[in-house]
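# Structure at a glance
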Amino acid sequence: MTAIAPRLYVDSADVDRVSRLLAGGIVHGVTTNPTILERGGRTAADIPDLYARWVSEGAQEVFFQTWGSDTAAMLRNAEGIRALGDRVAVKVPATTDGFAAASALVRDGASVLVTAVYGVAQALAAASIGVQYIAPYLGRMRDAAAVTGFSGPGAEDVIARMQDVCIGSGTNVLAASLRSPEDIVGLRMLGVPYFTAAPDVIERMLTHEVSDSSAAEFDAAMERLGA
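Attention here is on the structure that accompanies the text. (Residues numbered from 1 in each chain as written. Predicted model: local features only at pLDDT ≥ 70, side-chain atom pairs only at ≥ 80, totals over all residues. Heavy atoms only, no water.)

### Some thoughts on the pairing of strand S3 (residues 61-65)
What counts is decided by this rule: Whether a residue is buried, partly exposed or exposed follows from its accessible area with a 1.4 Å probe, protein chains only, as a fraction of its type maximum: under 20%, in between, or over 50%, in that order. A run of DSSP states H or I qualifies as a helix once it reaches four residues; a run of E qualifies as a strand once it reaches two. Both are numbered from the N-terminal end. Think of it this way: DSSP has to see at least two bridges between two strands before they count as a pair.
In terms of burial, S3 is a largely internal element, 5 of the 5 residues being buried. Burial of S3 is two-sided: the residues Glu61, Phe63 and Gln65 facing one way and the residues Val62 and Phe64 facing the other way are all buried. Note: strand S2 (residues 29-31) against S3, 3 bridges, orientation parallel. The residue bridging Gly29 from the neighbouring strand is Glu61, located in S3.

### Some points on the environment of Ala100
Take Ala100: it is sitting in helix H5 (residues 96-107). C-alpha of Ala100 to C-alpha of Met74: the two residues are 26 residues apart in sequence and 9.6 Å apart in space.

### Here's the deal with helix H1 (residues 15-23)
Basically, it comes down to this: Within this analysis, the arc is defined by the directions that extend from the helix axis to the C-beta atoms. Any two residues whose heavy atoms approach within 4.5 Å at even a single point are treated as in contact.
Among the residues of H1, those classed as buried are Val15, Val18, Ser19, Leu21 and Leu22. For H1, the buried positions fall inside an angular range of 165° around the axis, keeping them on one side. Every exposed residue of H1 that faces more than 90 degrees away from the buried side is listed here: Arg20 and Ala23. Where the residues of H1 are buried, they touch strand S1 (7-11), S2, helix H3 (47-56) and helix H10 (199-205). Note on H1: the residue one or two positions beyond its end, Gly25, has a positive phi of about 70°.

### A short note on the packing of H1 against H3
Going by this rule: For helices, the fitted axis covers only the stretch in contact; all axes are lines through C-alpha atoms, and the angles between them, taken along N-to-C directions, range from 0 to 180 degrees. For classification purposes, angles smaller than 35 degrees are called roughly parallel, those larger than 145 roughly antiparallel, those between 65 and 115 roughly perpendicular, and all remaining angles oblique. Crossings are sorted by hand: turned counterclockwise from the far helix by less than a right angle, the near helix makes the crossing left-handed, and turned clockwise it makes it right-handed. Throughout this entry, Asp, Glu, Lys and Arg are counted as charged residues, while Ala, Val, Leu, Ile, Met, Phe, Trp, Tyr, Cys and Pro are counted as nonpolar. The remaining residues, Gly among them, count as polar.
Across the interface, H1 lies against H3 with an axial gap of 10 Å and an inter-helix angle of 25°. Between H1 and H3, the interaxial angle falls into the category roughly parallel. Note on packing geometry: the crossing formed by H1 with H3 is right-handed. Residue-level contacts link Val15, Asp16, Val18, Ser19 and Leu22 of H1 to Leu50, Arg53 and Trp54 of H3. Of the residues contributing to the contact of H1 with H3, the split by class is 5 nonpolar, 1 polar and 2 charged.

### Considering a nonpolar patch on the surface
Here is the rule we go by: Nonpolar side chains (Val, Leu, Ile, Met, Phe, Trp, Tyr) within 5 Å and like charges within 9 Å form the patches, drawn only from residues with over 30% relative accessible area and no salt bridge. Working definition of accessibility: Shrake-Rupley area with a 1.4 Å probe, residue cover restricted to the visible protein chains. Salt bridge, as applied in this entry: a Lys or Arg side-chain nitrogen positioned within 4 Å of an Asp or Glu carboxyl oxygen.
The grouping of Ile26, Met205 and Leu206 at the surface amounts to a nonpolar patch, some 230 Å² of accessible area in total. By the secondary structure assignment, Leu206 is in the loop between H10 and helix H11 (209-224).

### Some details on the pattern of salt bridges
Taken as a whole and assessed by the stated rule, the structure comprises 9 salt bridges. The closest approach of N and O atoms between Arg17 and Glu203, which form a salt bridge, is 2.7 Å. Placement of the pair is Arg17 in helix H1 and Glu203 in helix H10, with a sequence separation of 186 residues. With a shortest N-O distance of 3.7 Å, Asp200 and Arg204 are connected by a salt bridge. Here Asp200 pairs with Arg204, and both are found in helix H10, just 4 residues apart, close to one helical turn. Judged by its relative accessible area of 40%, Arg204 falls in the partly exposed class. Several salt bridges share partner residues, and in doing so they unite Asp16, Arg53 and Glu57 into one network.

### Regarding the sheet that holds S3
As a general point, the strands of a sheet are linked pairwise by backbone hydrogen bonds and lie either parallel or antiparallel. Pairing in this closed barrel of 8 strands is parallel, and the strands run S1-S2-S3-S4-S5-S6-S7-S8 around the ring. Looking at each pair of strands side by side, their axes are set apart by 30° on average, direction ignored. Strand direction decides the pairing type here: strand S6 (residues 133-136) and strand S7 (residues 172-178), joined by 2 bridges, are parallel. When the sheet's bridge partners are listed, Tyr133 is paired in S7 with Asn172.

See the structure below:
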């Protein structure tokens, strides 16, 4: 099977840092959730302006999460998210009510991501209803394993199995809670295609001390050449 081209997203509501990554063409889009919005000093009232700004700056997809105590509430709140525009994707939590909401949204033509997926069976359920993305949280999975002393498959292997059970379904892993460039590279080597991370992690992917010193040498040589 042909490998899926990798894609990076920035996971943040820090508009200045997000704007720089979008302006540079580094990321495909922006992912958020209620915690990220709160951390960025944003409110629900800011969501339309954030969407408009990021799309104007080149985001191909912008993710906002619906909320509610049951399926009906999630669907009502998803209506406002979908009304933002054709580049929006709706995030839905991986709960019983969330899966029912995700299924209804898919049937109605929405782009859907099931988020906070921790089990391979959840990934298979998401693929069976045709969502575009699932988001397992690598860092949080590692944290949970450390607390419980879990000795089964590592978090990376679990996420790779999630991608495996989605093959042929049109559903793909968009890995989150990635704390270093090495996390992203490691998952990519296991077949995961899509990644979202904080701005500092994305920025660290772009640099290497030897690259910087080489660039400085090139500039110095051009000055000697009279440029």
